[in-house]
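Descriptive analysis of the structure
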Protein chains: 2
Amino acid sequence: MISRTMQQQVNSSSIIRAMFEEGKRLSALYGADNVYDFSLGNPNVEPPAEVKQAIMDILNEENSTTVHGYMNNSGFEDVRGAIAASLNQRFATGFAADNILMTVGAAGGLNVIFKTLLNPEDEVLTFAPFFGEYRNYVQNYQGQLIVVSPNTKDFQPNLEELKEKISPRTKAVLINSPNNPTGVVYSAETIAALVDILRAKQEEYGTVIYLIGDEPYRELAYDQVEVPYLTKYYENTIVGYSYSKSLSLPGERIGYLVIPREAADYENLIAAANIANRILGFVNAPSLFQRVIAKCLDAQVNLDSYNRNRELLYNALVSYGYQCIKPEGAFYLFIKTPLENDLEFCTLAKSKNILIVPGTSFACPGYARIAYCVAYETIERALPGFEALINEVSWASA
Amino acid sequence: MISRTMQQQVNSSSIIRAMFEEGKRLSALYGADNVYDFSLGNPNVEPPAEVKQAIMDILNEENSTTVHGYMNNSGFEDVRGAIAASLNQRFATGFAADNILMTVGAAGGLNVIFKTLLNPEDEVLTFAPFFGEYRNYVQNYQGQLIVVSPNTKDFQPNLEELKEKISPRTKAVLINSPNNPTGVVYSAETIAALVDILRAKQEEYGTVIYLIGDEPYRELAYDQVEVPYLTKYYENTIVGYSYSKSLSLPGERIGYLVIPREAADYENLIAAANIANRILGFVNAPSLFQRVIAKCLDAQVNLDSYNRNRELLYNALVSYGYQCIKPEGAFYLFIKTPLENDLEFCTLAKSKNILIVPGTSFACPGYARIAYCVAYETIERALPGFEALINEVSWASA
């Protein structure tokens, strides 16, 4: 009775659900403390104190029918203005409230922009490895996700292949930096080279190619690495942002899109995105949390905590012989699996009560993602298992 | 550059936007107090005190990474269980947590269920007058909205025409009671007759036809009128609910779907709806407000306030000579426009600083919707304008 596309989704998602069930089964069997779940990007660091204070202040000081009421589908104008001002201060941009559209997280924002842009069969290019939901978001609007294969040397995007894959049907190129699942940050040089390609292809085909940045991990960058602000490199840029990770509010579904005035067809883009937000059923981003984040623009979760995890896990894994890029951002570590078959390796890891996600899920077989947004102690307790794993695999293949 | 369908949306929505702009222009010209905006269903009654108390208690007592964190895409299990228990107590149903899926308001819920059910060209039937967004929600999934024409005698659904319009492609019948825009509540007799037709047609075509109830106005019912609980009448029922009106939280985007175990293909329905919630970019209903509503299941906005408005407006309009059904629910009054052309009449109303929505927007020309979720004083001040309007129209046509 359900639709054909959803029947396929149900069938294929049963694998992931099986993994969840397995985690629950293991927890019941060995105790939650003895199961090391690195499978989910659910922040373990609590929201900064400013969030609770902001909620209290708003409830005590502001009009409740306004705080919880409808507003323009794009969001409260004062909130959008505050975000624009904050971006301008940080990145020397020139945004106004009209360039910001409040969304139900970054996932909501990406759906709004794909609904806005895509005709059936339009192509969106992205770089493997990538967050698997991108495929669904594009297919929701009958678009085609075209995947550029991974550059496993340093996981910067494979620009040579990008050049080959851009076609007259390419409506957008979607990038995600800091990256899920690799933790890699795209450098300023990479971005500059990428947008040179986009400009040349726009010229060649007489089309507009939007660059869409999915940036939920922007604030999770380590060692003072610079995360280039995309609108400064390329006029046809749209940025999707979320407070899920920067303020540890993933359940609250609050984020925004930036649609700069210099983007091609700006007036239509902003009008259509406003309507898309409404007709897709989001209607507006949750109202209280719009007002909360306007009061928390300078707040941030405790990054030291993620950084400690990163150092512990990366250094230990490398010392055991694992190969991986040291992540510069996000809270993921992407290892080359000591077994060529990443699915087999992840199954083997499960036998040590370690839950990690096969790279195949990110269109990058032979790798696996470890989400280190967990308690430090969980990593400490899991390390012997990781060490045993690589040793067993080496013995077996020796 | 935007998609063809969104270009059409932008073009047609400019009429509504023009109305908004006109309202703003009038407010600037005459002062907000002298412009009577009855165009929006934005509750003016404040949320019950329990809402603020619940937020405070949750922030003070519960773990912040849980309160604001990811959970199962269907929502917190304890919240879903509490809602099921509350429904069971009120309606003698037999729901469990597994029958409830938390959604981003009723709009989010309808999109989730249409994504779940519809193949391209599948038909969804609904009764005019209806909330115009239904057309968009169905078209989001390439479905066809088939409209049964209005029964302007009493605005109960036109069941004879329903019989004729149900086809082998009919996947669902969508009803909305208490109704936007008429305020009419579908009686138990109506529902019984409606589901008899659905059962007969299922038999005739060998298909499953879901009855989808959109029920954001369920708690806004006056004079102790009964609003039948649909799952008790028909096994293949799905109910969409929202707290937007019952707790005056429209901006917070919190509601749920009820998918009963006896519905055809239940296991797939619930699995697919869970996935649809995720891949459409909702991910989950806002987490704090999930927890809030679980603590406010017995709370309700002050209905007396809407009832006073209803009595004042209805009695006055009828005394001036307007024709309309006395609404039994919601906060709308649907008048026959004294001019046959409802668009012209609404434009004329604007000249009295009265903003109301043409029935044409609800597929019911010759009528207009007055949203009386405004201050009592606004209605009082607007009444002379309403009286003058009908008199002018009568003189002109005499």
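Not measured: the values here are computed from a predicted model. Along each chain, residue indices are assigned from 1 in the same order as the chain's sequence is written. Chain letters start at A and ligand numbers start at 1, both assigned in the order the entries are written. With pLDDT at 70 or above as the cut-off, local features in this predicted model cover only qualifying residues; side-chain atom pairs require 80 or more to be listed or tallied, and sums for whole chains, interfaces and linings still use all residues. The side-chain quantities take in all heavy atoms of the structure and omit both hydrogens and water.

Brief notes about the overall build of chain A
If you tally the helices and strands in chain A, you get 13 helices and 13 strands. Taking 2.2 N^0.38 as the reference for a compact globule, 398 residues should give roughly 21 Å; the C-alpha atoms of chain A span a radius of gyration of 21 Å, in line with that estimate. Relative accessibility thresholds used throughout: buried, under 20% of the residue-type maximum; exposed, over 50%; partly exposed, between the two (1.4 Å probe, protein chains only). The buried share of chain A, taken over its 398 residues, is 62%. Contact definition: two residues touch when any of their heavy atoms are within 4.5 Å. Taking the contacts inside chain A whose residues are at least 6 apart along the sequence as the reference set, 73% of them involve residues at least 24 apart. A total accessible area of about 14500 Å² is found for chain A, and carbon and sulfur atoms account for 49% of it. Secondary structure elements are taken from DSSP: a helix is a run of H or I of four residues or more, a strand is a run of E of two residues or more, and numbering for both begins at the N terminus. Here the globule rule reads 2.2 Å times residues to the power 0.38, and the radius of gyration is calculated from C-alpha atoms. Here the open area of atoms and residues is found with the Shrake-Rupley method and a 1.4 Å probe, where only the protein chains shown may cover a residue.

Focus on the sheet that holds strand 10 (residues 332–336) of chain A
Residue and element names in this part refer to chain A. With respect to topology, four strands assemble into an open sheet ordered 9-10-13-12, the strand pairing being antiparallel. Taken across any chain shown, the strands that pair with only one partner, and hence form the sheet edges, are strand 9 (323–324) and strand 12 (357–358). Pairing between two strands requires that DSSP report at least two bridges joining them. By the bridge criterion, two bridges tie strand 12 to strand 13 (residues 367–371) in an arrangement that is antiparallel. Bridging from a neighbouring strand, P358 pairs with A368 of strand 13.

What about the interface of chain A and chain B?
Between chain A and chain B, the residue contacts involve 74 residues of the former and 74 residues of the latter. Counting the surface lost from both chain A and chain B, the interface buries some 5800 Å², and carbon and sulfur atoms represent 56% of this. A side-chain nitrogen of Lys or Arg and a carboxyl oxygen of Asp or Glu constitute a salt bridge if their distance falls within 4 Å. Between E133(A) and R278(B) there is a salt bridge whose closest N-O contact spans 2.9 Å. Two N or O atoms count as a polar contact when they lie within 3.5 Å, although within protein this holds only if one can serve as hydrogen donor and the other as acceptor, and sequence-adjacent residues are included solely when both atoms are side-chain atoms. Linking chain A with chain B are 43 residue pairs in polar contact (both at pLDDT 80 or more), by the criterion used here. The set of elements that each furnish at least two residues to the side of chain A that touches chain B consists of helix 1 (4–30), helix 2 (49–61), helix 3 (64–67), helix 5 (105–117), helix 6 (133–139), helix 9 (266–279) and helix 10 (287–294) of chain A. In this classification, Asp, Glu, Lys and Arg are treated as charged, Ala, Val, Leu, Ile, Met, Phe, Trp, Tyr, Cys and Pro as nonpolar, and every other residue, Gly included, as polar. Residues of the side of chain A that touches chain B, tallied by class, amount to 36 nonpolar, 26 polar and 12 charged. A simple way to read buried area is as the amount of 1.4 Å-probe accessible surface that goes missing from two parts once joined, with both sides added.

Considering the pattern of salt bridges
For the structure shown, the criterion picks out 36 salt bridges over all chains. With a closest N to O distance of 3.7 Å, R261(B) and E267(B) form a salt bridge. Classification of E267(B) by relative accessible area gives exposed; the value is 54%. Salt bridges linked by common partners bring D223(A), R310(A), E311(A) and K326(A) together as one network.

Some thoughts on the environment of Y306(A)
Residue and element names in this part refer to chain A. Position of Y306 among the secondary structure elements: in helix 11 (residues 303–320). Residue Y306 is classed as buried on the basis of its relative accessible area of 0%. Placed 30 residues apart in sequence, Y306 and A276 show a C-alpha to C-alpha distance of 36 Å. Excluding its chain neighbours within four sequence positions, the residues that come into contact with Y306 are P43, N44, V45, L220, Y222, S248, V301, F331, Y372 and C373.

Observations concerning helix 10 of chain A
At 3.6 residues per turn, the α-helix brings residues three or four places apart onto the same side. Within helix 10 of chain A, seven of the eight residues are buried, leaving the element largely enclosed by the surrounding structure. Structurally, helix 10 of chain A contributes buried residues whose contacts are with helix 2, helix 3, helix 4 (77–91) and strand 2 (100–103) of chain A together with helix 2 (49–61) and helix 10 (287–294) of chain B.

Describing the relation of the copies chain A and chain B
At an RMSD of 0.0 Å, chain A and chain B line up after a rotation of 180° and a shift of 0.0 Å along the axis. Given the turn and translation reported, the copies of this chain are related as if by a two-fold rotation axis. Of the interface residues in chain A, 100% have counterparts in chain B that sit at the interface too, so the contact is made through matching surfaces. A least-squares fit on C-alpha atoms brings the copies together, and the residues used are those whose pLDDT is at least 70 in both copies.

Topic: helix 2 of chain A
By this rule the span expected of a helix is its residue count minus one, scaled by 1.5 Å. Look at helix 2 of chain A: 18 Å from first C-alpha to last across 13 residues, which is about the 18 Å you get at 1.5 Å a residue. The inward-facing, buried residues of helix 2 of chain A contact helix 3 and helix 10 of chain A together with helix 2 and helix 10 of chain B.

Let's talk about the domain arrangement of chain A
Residue and element names in this part refer to chain A. Partitioning chain A into structural domains gives domain 1 (4–47 + 301–397) and domain 2 (49–294). Delimitation of the domains relies on an automatic or database domain assignment. The straight-line distance from the C-alpha centre of domain 1 to that of domain 2 is 27 Å. Opposite the 28 residues of domain 1 that make contact, domain 2 presents 35 residues. A combined buried area of about 2400 Å² lies between domain 1 and domain 2, and 61% of that area is made up of carbon and sulfur atoms. The three residues of domain 1 that bury the most area against domain 2 are P47, I325 and E328, which together make up 24% of that side's buried surface.

Some thoughts on the pairing of strand 7 (residues 237–242) of chain B
Residues and elements named next belong to chain B. For strand 7, a buried count of six out of six residues is recorded, marking the element as mostly surrounded by other parts of the structure. Alternating residues of strand 7 divide into T237, V239 and Y241 and I238, G240 and S242, and every residue in both groups is buried. Note that strand 6 (residues 210–214) and strand 7 share four bridges and pair parallel. Note on strand 7: the bridge partner recorded for G213 is V239.

Things to note about the nonpolar core
If you look at soluble globular proteins, the nonpolar side chains tend to sit buried side by side. In terms of nonpolar packing, the biggest core is built from 84 residues, with F114(A), Y210(A), F114(B) and Y210(B) touching the most fellow members. Setting aside residues up to four positions removed in sequence, F114(B) forms contacts with V124(B), Y137(B), V138(B), Y141(B), L174(B) and I212(B). Ranked by size, the runner-up nonpolar core spans 66 residues in total, among them L59(A), Y243(A), F91(B) and Y241(B). Take the buried Ala, Val, Leu, Ile, Met, Phe, Trp, Tyr and Cys residues and link them wherever side-chain atoms come within 4.5 Å; each set so joined is a nonpolar core.

Describing the packing of helix 4 of chain A against helix 10 of chain A
All names here are of chain A. A fitted line through C-alpha atoms serves as each axis, taken over the contacting stretch for helices, and the angle formed by two N-to-C directions is quoted from 0 to 180°. At a minimum axis distance of 9 Å, the contact between helix 4 and helix 10 shows a crossing angle of 35°. Helix 10 is crossed by helix 4, and the crossing has left-handed handedness. Within the contact between the two elements, helix 4 uses D78, V79, A82 and I83 and helix 10 uses Q290, R291, I293 and A294. The class makeup of the residues in the contact of helix 4 with helix 10 is five nonpolar, one polar and two charged. Take the far helix as your reference; a near helix turned counterclockwise from it by less than a right angle gives a left-handed crossing, and one turned clockwise gives a right-handed crossing.

Concerning the packing of aromatic side chains
All names here are of chain B. Only the six-membered ring of Trp is used, alongside the rings of Phe and Tyr, when aromatic pairs are assigned; centres must lie within 6.5 Å, and planes under 30 degrees apart are stacked while those over 60 apart are edge-to-face, with the rest tilted. Inspection of every chain in the model, using the stated rule, returns 37 aromatic pairs over all chains. Between the aromatic rings of Y241 and Y256, the centroid separation amounts to 5.0 Å while the plane-to-plane angle is 25°, which identifies the pairing as stacked. Residue Y241 is located in strand 7, and its partner Y256 is located in strand 8 (residues 255–258); the two are separated by 15 residues in the primary sequence. An identical accessibility class is assigned to Y241 and Y256; each is buried. Ring centres of F331 and Y332 lie 5.1 Å apart, and the angle between their planes is 75°; this geometry places the pair in the edge-to-face category.

Things to note about the sheet that holds strand 3 (residues 123–127) of chain A
Residues and elements named next belong to chain A. Reading across from one edge, 2-8-7-6-5-3-4 is the order of the seven strands in this open sheet, with mixed pairing throughout. Looking at which strands have only one partner, the edges of the open sheet turn out to be strand 2 and strand 4 (144–148). Each strand axis lies, on average, 20° off the axis of its neighbour in the sheet, ignoring direction. Of the strands in this sheet, strand 2, strand 3, strand 5 (170–175), strand 6 (210–214), strand 7 (237–242) and strand 8 (255–258) are in contact with helix 5, which crosses strand 6 at around 165°.

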